[in-house]
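Okay, here's what each chain looks like letter by letter:
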Amino acid sequence: MWEDDNEGFVACFLIKKDGSKTGQGRRGHLQEGAWDAIHVIEVGPEEESIAHYCLTSTIMLSLTTNDESSGTFSLSGSIRRQMNMDLSVADGHLCNMGRMIEEMEGKLRNSLDQVYFGKTKEMVCTLRPPSEVVLRLPTADMP
């Protein structure tokens, strides 16, 4: 946390989630995986018990699977968003910043789910249809 030039302050919150086989968050067939979040919040000076908050969040996601059924697959990317809010400081700056970060992480998680995983699944299924789907071409049986 540090002071800025406008009589406010800036805070930075870093969140790291390890989803690798050796990490505490192992799920499914994930060989390696990491969720790294950087949240920078600029807090303006208080005016009439209201402060302006500007949150800039970046999520960096990487994962690798190595499973017999799915094969080896790597996916990584990042997404950045910004949110501005004017909030009462009655509950304190830390509570306001925590709520903003939780809301932003939820939005970014949904965006990653739709953009990265949704589009990747669509492309993989287009290029390599699942084994359950059998494509049958019309036969040219002529009498």
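Heads up: the structure comes first, above all this text.
Now for a quick tour of the structure. Model, not experiment: these values are computed from the prediction.

1. Brief notes about the overall build of the protein chain
For the protein chain, the count of helices and strands is one helix and five strands. The helix and strand sequence of the protein chain, counted from the amino end, reads β-β-β-β-β-α. Residues counted as buried form 29% of the 143 residues belonging to the protein chain. The long-range fraction of contacts in the protein chain, counting pairs at least 24 apart against all pairs at least 6 apart in sequence, stands at 57%. Per element, the accessible surface of the protein chain, about 10,400 Å² overall, is 53% carbon and sulfur.

2. Remarks on the side chain of E105
Counting through the fold element by element, E105 comes out in helix α1 (residues 93-127). In this structure the side chain of E105 is engaged in a polar contact, spanning 2.9 Å, whose partner is the side chain of H39. Apart from the residues lying within four places of it in its own chain, the contact partners of E105 are I15, K17, W35, A37, H39 and I59.

3. Re the environment of K17
Among the secondary structure elements, K17 is positioned in strand β2 (residues 9-18). Given the relative accessible area of 39%, K17 is considered partly exposed. Here the alpha-carbon distance between K17 and W35, two residues 18 residues apart in the chain, equals 5.0 Å. With near-sequence residues (within four places) excluded, K17 lies in contact with G33, A34, W35 and E105.

4. Here we look at unusual backbone geometry
One non-glycine residue, E48, lies in positive phi territory at about 55°. Within the secondary structure, E48 is located in the loop between β3 (30-43) and β4 (50-67). Even without being glycine, S49 reaches a positive phi, approximately 65°.

5. Looking at the pattern of salt bridges
By the definition in use, this model includes four salt bridges. Notably, a salt bridge pairs E105 with K17, separated by 3.7 Å at the nearest N-O pair. Here the residue E105 occupies a position in helix α1, and K17 occupies one in strand β2, the gap between them amounting to 88 residues. A salt bridge links K107 to E103, with the shortest nitrogen-to-oxygen separation between them at 3.2 Å. In this pair, K107 and E103 both sit in helix α1, four residues apart, roughly one turn of the helix.

6. Notes on the environment of L61
Relative to the helices and strands, L61 is located in strand β4. In this structure the C-alpha to C-alpha distance between L61 and G77, which are 16 residues apart in sequence, comes to 5.5 Å. Setting aside its immediate chain neighbours within four residues, L61 contacts A34, W35, L75, S76, G77, L112 and F117.

7. As for the environment of E32
By secondary structure assignment, the location of E32 is in strand β3. A sequence separation of 30 residues divides E32 from S62, and the C-alpha atoms of the two residues are 7.9 Å apart. Discounting chain neighbours no more than four positions away, the residues touching E32 are S20, S62, L63 and T64.

8. Some words on the nonpolar core
Judged by nonpolar contacts, the single largest core of 21 residues is most densely connected at I41, V43, Y53, I59 and M97. Those elements that provide at least two residues to this core are β2, β3, β4, β5 (71-88) and α1. Here this core gets six residues from one element, more than from any other, and that element is α1. Apart from residues lying up to four places away in sequence, I59 is in contact with W35, D36, A37, G77, S78, I79, E105, L108 and L112.

The rules behind each value
- Residues numbered from 1 in each chain as written.
- Predicted model: local features only at pLDDT ≥ 70, side-chain atom pairs only at ≥ 80, totals over all residues.
- Heavy atoms only, no water.
- Helix = DSSP H or I, 4+ residues; strand = E, 2+ residues; numbered from the N terminus.
- Buried < 20%, exposed > 50% of the residue type's maximum accessible area, 1.4 Å probe, protein only.
- Contact = heavy atoms within 4.5 Å.
- Areas by Shrake-Rupley, 256 points an atom, 1.4 Å probe, with all protein chains shown as cover.
- Polar contact = N/O pair within 3.5 Å; in protein donor to acceptor, adjacent residues only side chain to side chain.
- Salt bridge = Lys/Arg side-chain N within 4 Å of Asp/Glu carboxyl O.
- Core = buried A, V, L, I, M, F, W, Y, C linked by side-chain atoms within 4.5 Å.

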